[in-house]
Amino acid sequence: MKTCITRCVCFRQPFDRLKAIAKAQGIQTVEVLQEVVLFGENCGLCKPYVAQMLRTGQTVFTELLTDNTSEQA
Ligand code: FES
């Protein structure tokens with residue numbers, strides 16, 4: 001069974017919720033989104049996923065993303 005990554009685990013913030021907030025407020029960067037929602041400030045592992053979500057709209061991930069892979073995407 002594949003594991004899906006669908007949220008900031010540390011702060012229990014589903015990516016689809018973060019996406020809805022970003023869309024409603026016209027937010028396009030992880031940093032600005034973090035100013036309105038608490039996520040990504042513990043381990044930070046969710047941030048590359050949120051960055052990709054903001055670019056592509058994707059909210060369910062099955063591949064491992066790191067800061068490096070998110071920069072290249
Ligand atoms: S998963 Fe988002 S800060 Fe740890």
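## Side note on the overall build of the protein
Then comes step 1: Each helix and strand counted, the protein has 4 helices and 2 strands in total.
Then comes step 2: Secondary structure of the protein in N-to-C order comes out as β-β-α-α-α-α.
Then comes step 3: For a compact globule of 73 residues, the expected C-alpha radius of gyration is about 11 Å, and the protein comes in at 11 Å, within 12% of that figure.
Then comes step 4: Seen through its principal axes, the protein has C-alpha atoms that stretch 35 × 25 × 20 Å.
Then comes step 5: Within the protein, residue pairs in contact and separated by at least 24 positions form 47% of the contacts whose partners lie at least 6 positions apart.

## Quick word on helix H1 (residues 15-25)
Then comes step 1: If you check which residues of H1 are buried, you get Phe-15, Leu-18 and Ala-22. The arc that holds the buried residues of H1, viewed along the axis, is 60 degrees, so those residues lie on one side. Turned more than 90 degrees away from the buried face of H1, the exposed residues are Ala-20, Lys-23 and Ala-24.
Then comes step 2: Buried residues belonging to H1 abut strand S1 (7-8), strand S2 (13-14), helix H2 (30-36) and helix H3 (47-56).

## A word on the environment of Cys-43
Then comes step 1: By the secondary structure assignment, Cys-43 is in the loop between H2 and H3.
Then comes step 2: The sequence separation of Cys-43 and Cys-8 amounts to 35 residues, and the corresponding C-alpha distance is 9.5 Å.

## Digging into unusual backbone geometry
Then comes step 1: Non-glycine residue Arg-12 carries a positive phi angle of around 50 degrees.
Then comes step 2: Assignment of secondary structure puts Arg-12 in the loop between S1 and S2.
Then comes step 3: Take Arg-12: there are 10 C-beta atoms within 10 Å of it, and that puts it in the exposed class.

Definitions and cut-offs
- Residues numbered from 1 in each chain as written.
- Predicted model: local features only at pLDDT ≥ 70, side-chain atom pairs only at ≥ 80, totals over all residues.
- Helix = DSSP H or I, 4+ residues; strand = E, 2+ residues; numbered from the N terminus.
- Rg over C-alpha atoms; globule rule 2.2 N^0.38 Å.
- Contact = placed C-beta atoms within 7 Å.
- Buried ≥ 20, exposed ≤ 12 C-beta atoms within 10 Å, placed from the backbone.
- Arc of directions from axis to C-beta.

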